[in-house]
Amino acid sequence: LENHIASLQETRSLLDPSVVEATVSIMKASKRLIFTGVGNSMITAEAAAGKFLHITPKAQYIIDTHMQSIAASMMDTNDMVIIFSYSGDTSDNAHVACIAKKAGAKVSVITRYPKSKLTKYADTVLICGSKEGPLEGGSMGAKMSQLYIIDILFQCYYNATLKESRKYNELTAKANVDKFI
């Protein structure tokens, strides 16, 4: 518990509000938001896309790394890819970021390490806390710190697009209401 709390507190101290604001501004201006990751970070990317899909139809999630590259090749200046990578050095992620950047898309990276292969392609870098050892791939502390960043981005995006987000939130809530009866 103490380690998890420390991960969240560290993430909070590492987050630069101006970078959060810049990321949300890019998200708001984008026509597509594609969330990606590899391995354990892929699960976090899926969670992010699922959360944002409740408030915007532009959220997408692509699981397969080949399909991520294909989608990145067709991006343009109106698109954004948000890549989750604790290490920032997974070659599949760097490949997608490079292709997206060449296509003109905006790239946001959520990672532990600000100086990594992946971040050289990034327009914004959000640093997550939690020290993870080499044998702890996908530790809960790392995952919780990434989820915390997702929640901050979500709340900021929701507030920045209040009318639109409320509309889509109501539609998506109604879409599943019959399943709970």
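Residues numbered from 1 in each chain as written. Predicted model: local features only at pLDDT ≥ 70, side-chain atom pairs only at ≥ 80, totals over all residues. Heavy atoms only, no water.

## A closer look at the overall build of the chain
Test applied: Numbering of helices and strands starts at the N terminus; helices are DSSP runs of H or I of at least 4 residues and strands are runs of E of at least 2. The size measure is the radius of gyration over C-alpha atoms, and the globule rule it meets is 2.2 Å times the number of residues to the 0.38 power. Only heavy atoms matter for contacts: two residues are in contact if any of them lie within 4.5 Å across the pair. Positive charges are assigned to Lys and Arg, negative charges to Asp and Glu, while His and the chain termini are left out of the count. Here the site of a charge means atom NZ of a Lys, CZ of an Arg, CG of an Asp or CD of a Glu.
In terms of helices and strands, the chain carries 7 helices and 5 strands. For the chain, the α and β elements follow one another from N to C terminus as α-α-β-α-β-α-β-α-β-β-α-α. Since a compact globule built from 181 residues should have a radius of gyration of about 16 Å, the 16 Å found for the chain is in line with a globular shape. When the backbone C-alpha atoms are referred to their principal axes, the chain occupies close to 45 × 40 × 30 Å. Considering only contacts in the chain between residues 6 or more positions apart, those separated by 24 or more positions represent 72%. The averaged location of the 17 negative side-chain charges in the chain is 6 Å from the averaged location of its 20 positive side-chain charges.

## Re the sheet that holds strand β2 (residues 59-61)
Quick reminder of the rule: The criterion for strand pairing is that DSSP finds at least two bridges linking the strands in question. Interaxial angle, 0 to 180 degrees, is taken between N-to-C directions of lines fitted to C-alpha atoms, where a helix line uses only the stretch in contact.
Spatial ordering of the open sheet is given by β2-β1-β3-β4-β5, a layout of 5 strands whose pairing is parallel. At either end of the open sheet lies a strand with only one pairing partner, and these are β2 and β5 (124-127). When the angles between neighbouring strand axes are averaged without regard to direction, this sheet yields 20°. Looking at chain direction, strand β1 (residues 32-37) and β2 are connected through 3 bridges and run parallel. Bridge pairing in β2 places Phe35 opposite Tyr61.

## Brief notes about the side chain of Thr56
What counts here: Residue burial is assigned from relative accessible area. The probe radius is 1.4 Å, only protein chains are included, and a residue is buried under 20% of its type maximum, exposed over 50%, and partly exposed in between.
Mapped onto the secondary structure, Thr56 falls in the loop between α3 (40-53) and β2. Judged by its relative accessible area of 1%, Thr56 is buried. In contact with Thr56, not counting residues within four places along its chain, are Tyr157, Glu164 and Tyr168.

## Regarding the packing of helix α6 (residues 140-160) against helix α7 (residues 162-176)
The cut-off we apply is this: With respect to orientation, any angle under 35 degrees is reported as roughly parallel, any angle over 145 as roughly antiparallel, any angle of 65 to 115 as roughly perpendicular, and every other angle as oblique. Each residue receives one of three labels: charged for Asp, Glu, Lys and Arg, nonpolar for Ala, Val, Leu, Ile, Met, Phe, Trp, Tyr, Cys and Pro, and polar for the others, Gly being one of them.
Their axes nearest at 5 Å, the elements α6 and α7 cross at an angle of 110°. Classed by the angle they form, the pair α6 and α7 counts as roughly perpendicular. Here Tyr157, Tyr158, Asn159 and Ala160 of α6 lie close against α7, whose contacting residues are Leu162, Glu164, Ser165, Arg166 and Asn169. Each residue belonging to the contact of α6 with α7 can be placed in one class, and the counts come to 4 nonpolar, 3 polar and 2 charged.

## With respect to the environment of Ile26
Tracing the sequence through the fold places Ile26 in helix α2 (residues 17-29). The exposure class assigned to Ile26 is buried, which follows from its relative accessible area of 16%. Sequence separation of Ile26 and Asn78 is 52 residues, and the distance between their C-alpha atoms is 9.2 Å. In contact with Ile26, other than residues within four places in its own chain, are Met80, Lys106, Asp123 and Thr124.

## Describing the environment of Met140
Tracing the chain through its elements places Met140 in helix α6. Sequence spacing of Met140 and Asn3 is 137 residues, and the spatial spacing of their C-alpha atoms is 9.5 Å.

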